[in-house]
Amino acid sequence: MGEPRVLVVGAGLAGVLLARRLRDAGAEAVLVGPHGGGPGGGHADATAASGGLARAFEPDPAARALATASLAELWDDPALAAAAGWRATGSLYLLDAVDAGAAAGVAGAEVLTRDEVSRRFGFDRLPDGTVGVWERRAGHLDPDRLRRSVLRGLDRTETTPVARLGDGAVDLRDGRRLTGDLVVVAAGAWTPGLLRAAGLPSTLRTKHIQYAHHRTGRADLPCFVDETSGLYGRPAGPGRVLLGLPSDRWDVDPPAPAPDTGLAARVRAVAARRLPGLDPRPDGPPVSAVDCYSDPPGLALRAVAGAVHTFTGGSGGAAKTVLAASRLAATALLNSRSAIRVPHG
Ligand SMILES: Cc1cc2nc3c(=O)[nH]c(=O)nc-3n(C[C@H](O)[C@H](O)[C@H](O)COP(=O)(O)OP(=O)(O)OC[C@H]3O[C@@H](n4cnc5c(N)ncnc54)[C@H](O)[C@@H]3O)c2cc1C
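Just so you know, the residues in each chain are numbered from 1, in the order the chain's sequence is written. This being a predicted model, a pLDDT of at least 70 is required before a residue's local features are given, and a value of 80 or more before pairs of side-chain atoms are given or counted; all residues contribute to the totals for chains, interfaces and linings. With hydrogens and water excluded, all non-hydrogen atoms of the structure serve as input to the side-chain values.

The protein is annotated in an unreviewed UniProt entry as FAD-binding oxidoreductase from Micromonospora chalcea. UniProt positions are given in the numbering used here, feature names are shortened, and annotations may be inferred rather than shown by experiment. Under the heading Cofactor (unreviewed entry), UniProt records this for the protein: "FAD".

What follows is the structure in structure tokens.
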């Protein structure tokens, strides 16, 4: 049996990197979907909207392993880092002391006490026992730029959106049908709807994500996640920071739901309390987008039925895990010979 022909639906970061890994492993991967936006054209997908925060430390061990391997790949490959618009600003992850043991496995990470965090980074009113995991080698990347760079290296791409999924085939919106041995739906927040329309089972959901850019006098802030308040942020060019809080809006349709003005106001209030020196002044409307969430969370290959799999479920964090997750997914697909019913070539 030759290498399989894999139809990868969706040209977000997950789809392009999976297609690239499959091609590098000798498989025939056909990437199907508009390049750089929603399938209706002109709308941002999660990759275009992403904040791109990337670090090795994650409280969840599986996510930590993928994030650590992905960050190592960026550091080992300067051309990849340049293509990804990598900025090593450092990353500070604030969490409850009981979880701090997890930081021990992250090479180069420093565990800071609450007082050290306050002294070095200006965080205020942190709960007793808060610890900080400081990673000097972490930072942020530009997921859209990385997507475009990977796309340029792919020769088998099809920009017409998929109208309907089938078992070993996809029908395109222009009436054509593509066939393959395997179909991988990497259509981010559009994935649950595509599966539903095809009568396929899915536990994937969508969720709103929103952040905004702010002007500030503080130029020294690294990337940060403050689990004790939910606030996260990163530097965003001279005199600017990106700030956000998790949204609680589930089952939201992509690509770009109306911004949540209440959430934007809460971000400013929390930031004023936690980072009193920041003085964040909004700079433009919030970025409001949708990602695909899975339980357990994380970008991974999941079998659906027959030849159909999904590679999504990034749950608001796939920019930092996609390099390693796409390698694992490609290997798993190529090893899943039992799922390949039609020998190709
Ligand atoms: C606002 C926001 C901020 C984020 N910040 C971070 C962060 O700081 N750090 C981090 O690690 N992660 C972050 N994430 C998460 C990360 O960016 C996403 O998990 C990741 O980009 C998802 O990529 P994807 O390819 O799965 O989905 P998407 O980028 O949404 O791509 C899906 C693609 O499928 C295509 N598609 C849809 N329907 C069809 C169809 N019928 N036929 C063909 N193609 C179709 C779409 O056009 C789209 O291009 C953020 C996400 C958002 C939304």
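So that's the structure; there's more coming.
(A) Layout of the overall build of the protein. By the criteria applied, helices consist of DSSP H or I runs no shorter than four residues and strands consist of E runs no shorter than two, each listed in order from the N terminus. Across its full length, the protein carries 9 helices and 20 strands. Along the first, second and third principal axes, the C-alpha atoms of the protein reach 65 × 40 × 35 Å. Using a 1.4 Å probe on the protein chains alone, a residue whose accessible area is under 20% of its type maximum counts as buried, one over 50% counts as exposed, and one in between counts as partly exposed. The 345 residues of the protein split such that 54% are buried. Roughly 14,600 Å² of accessible area belongs to the protein as shown, and the carbon and sulfur atoms make up 51% of that amount. Values of accessible area rely on a 1.4 Å probe in the Shrake-Rupley scheme; residue burial ignores everything except the protein chains shown.

(B) Molecular detail of empty space enclosed by the protein. Cavities and pockets were defined on a 1 Å grid built over protein atoms only: a cavity is a set of grid points that admits a 1.4 Å probe from which the probe cannot escape, a pocket is an open set flanked by protein on both sides within 12 Å along at least five of seven lines, and lining residues are those with an atom within 4 Å of any such point. Grid points are joined across faces, edges and corners, and a volume is the space filled by probe spheres set on the points. Scanning the model with the defined rule gives 1 cavity of 30 Å³ or more in all. Volume-wise, the largest cavity comes out at about 40 Å³. Surrounding the largest cavity, Ala54, Arg55, Ala67, Ser70, Leu71, Leu74, Leu141, Ala319, Lys320 and Leu323 form its lining. Residue contributions to the lining of the largest cavity peak at 4 residues, all from helix α3 (residues 61–76).

(C) Main features of the packing of aromatic side chains. What counts as a ring pair is set by centres within 6.5 Å for rings of Phe, Tyr and Trp (its six-membered ring), and what kind of pair is set by the plane angle: stacked under 30 degrees, edge-to-face over 60, tilted for all other angles. Using the criterion set out here, one finds 4 aromatic pairs in the structure. Taking 5.1 Å as the distance between ring centres and 75° as the angle between the ring planes, the aromatic pair formed by Phe57 and Tyr93 counts as edge-to-face. Taken together, the residues Phe57 in the loop between β3 (53–54) and α3 and Tyr93 in strand β4 (residues 91–95) connect sequence positions 36 residues apart. Residue Tyr93 is classed as buried on the basis of its relative accessible area, which comes to 5%. When the ring of Phe121 is compared with that of Trp134, the centres are 4.9 Å apart and the planes differ by 50°; the resulting orientation is tilted. Pair noted here: Phe121 is in helix α5 (residues 114–121) and Trp134 is in strand β6 (residues 131–135), with a separation of 13 residues, a long-range link. Residue Phe121 is classed as buried on the basis of its relative accessible area, which comes to 7%. We call a charge positioned over a ring when the NZ of a Lys or the CZ of an Arg lies within 6 Å of the ring centre and within 35 degrees of the ring normal. The ring centre of Trp75 lies 4.2 Å from the NZ or CZ of Arg137, which sits over that ring.

(D) Quick look at the packing of helix α1 (residues 13–24) against helix α6 (residues 143–152). Axes, fitted as lines to C-alpha atoms, cover a helix only where it is in contact. Angles between the N-to-C directions of the axes lie from 0 to 180 degrees. Two elements in contact, α1 and α6, have axes whose closest approach is 9 Å; the angle formed by their N-to-C orientations is 35°. For the pair α1 and α6, the crossing hand works out as left-handed. Across the interface between the two elements, Leu13, Val16, Leu17 and Arg20 of α1 pack against Pro143, Leu146, Arg147, Val150 and Leu151 of α6. Each residue gets one of three labels, nonpolar for Ala, Val, Leu, Ile, Met, Phe, Trp, Tyr, Cys and Pro, charged for Asp, Glu, Lys and Arg, and polar for the others, Gly among them. Here the contact of α1 with α6 is composed, by residue class, of 7 nonpolar, no polar and 2 charged. Here is the rule for handedness: rotate from the far helix to the near one, and if that takes an anticlockwise turn smaller than a right angle the crossing is left-handed, while a clockwise turn gives right-handed. By definition in these notes, contact holds between two residues if any of their heavy atoms fall within 4.5 Å.

(E) Highlighting the nonpolar core. Among buried residues, those of type Ala, Val, Leu, Ile, Met, Phe, Trp, Tyr and Cys that are joined through side-chain atoms within 4.5 Å constitute a nonpolar core. Ranked by internal contacts, the top residues of the largest apolar core, which has 57 residues, are Val16, Leu18, Leu22, Leu31, Phe57, Leu74 and Phe311. Sort the elements by how many residues they give to this core and helix α9 (residues 322–335) lands first, with 8 residues. Not counting chain neighbours up to four residues away, the residues in contact with Leu31 comprise Val8, Gly10, Ala11, Gly15, Val16, Ala19, Leu151, Leu154, Arg156, Thr157 and Glu158. Membership of the second largest hydrophobic core comes to 20 residues, among which are Phe121, Leu245, Val267 and Leu278.

(F) Layout of the sheet that holds strand β20 (residues 308–312). Reading across the sheet, the 6 strands line up as β8-β2-β1-β12-β20-β19 and stay open at both edges, with mixed pairing between neighbours. Of all strands in the sheet, those with a lone pairing partner are β8 (157–158) and β19 (300–305), marking the two edges. Following DSSP output, two strands are said to pair if at least two bridges run between them. As defined by bridge partners, strand β12 (residues 182–185) adjoins β20 across 3 bridges and the pair is classed as parallel. Its bridge partner lying in β20, Val183 is registered against Val308.

(G) View of the layout of surface pockets. In this structure, the second largest pocket spans a volume of roughly 240 Å³. Taken together, 15 residues line the second largest pocket, and the ones lying closest to its centre are Ala56, Leu71, Ala107, Glu135 and Arg137. Looking at which element gives the most residues to the lining of the second largest pocket, the answer is α3, with 5 residues. Class assignment of the residues belonging to the lining of the second largest pocket gives a composition of 8 nonpolar, 3 polar and 4 charged.

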